[in-house]
Amino acid sequence: QVQLVESGGGLVQPGGSLRLSCAASGFTFSNVALSWLRQGPGKGLEWISEILTGSASTYYADSVKGRFTISRDDAKNTMYLQMSSLKPEDTAAYYCKADLGYNTYWGQGTQVTVSS
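Definitions and limits used
- Residues numbered from 1 in each chain as written.
- Predicted model: local features only at pLDDT ≥ 70, side-chain atom pairs only at ≥ 80, totals over all residues.
- Heavy atoms only, no water.
- Helix = DSSP H or I, 4+ residues; strand = E, 2+ residues; numbered from the N terminus.
- Buried < 20%, exposed > 50% of the residue type's maximum accessible area, 1.4 Å probe, protein only.
- Pairing = 2+ DSSP bridges.
- Disulfide = S-S within 2.5 Å.

A. Examining the overall build of the chain more closely. On a plain count of helices and strands, the chain comes out with 0 helices and 11 strands. From first element to last, N terminus to C terminus, the chain shows the α and β order β-β-β-β-β-β-β-β-β-β-β. If one aligns the C-alpha atoms of the chain with their principal axes, the spans along those axes are about 40 × 25 × 20 Å. The buried share among the 116 residues of the chain stands at 42%.

Here it is in structure tokens:
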């Protein structure tokens, strides 16, 4: 059973930092590229970052580039998103995603709210 579980969301002030985690199970984690996406209130789903196998390459949407850092720890089957200089427009439900070729798997999401 493939499972992705996000954690680490919460309420943070503008300019603050937060670290999200995505714990995975049910597949060979190290062989799979992983992504973070988010959906803000009244908005569509937005892709924000991707990390390839072996951490060989990372990619970021312009909206988060320079502020967010994606990483992975294959020994722990966990992916991370370090968020800094947070803005109110970063408020969203954040999801991790894994593409295994034939199937796409999603976590349940974790809520990030940036507000003073």
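B. Local environment of the pairing of strand 1 (residues 3–7). Only one face of strand 1 is buried: it carries Leu4 and Glu6, and the other face, with Gln3, Val5 and Ser7, is open. Note: strand 1 against strand 3 (residues 18–25), 5 bridges, orientation antiparallel. Counterpart to Gln3 in the pairing with strand 3 is Ser25.

C. Quick look at the state of the cysteines. In the structure shown here, the tally under the stated rule is 1 disulfide. Linked covalently through their sulfurs, Cys22 and Cys96 form a disulfide whose S-S length is 2.1 Å. A torsion of 65° about the S-S bond marks the disulfide between Cys22 and Cys96 as right-handed. Of this pair, Cys22 sits in strand 3 while Cys96 is found in strand 9 (residues 92–99), placing the two residues 74 residues apart along the sequence.

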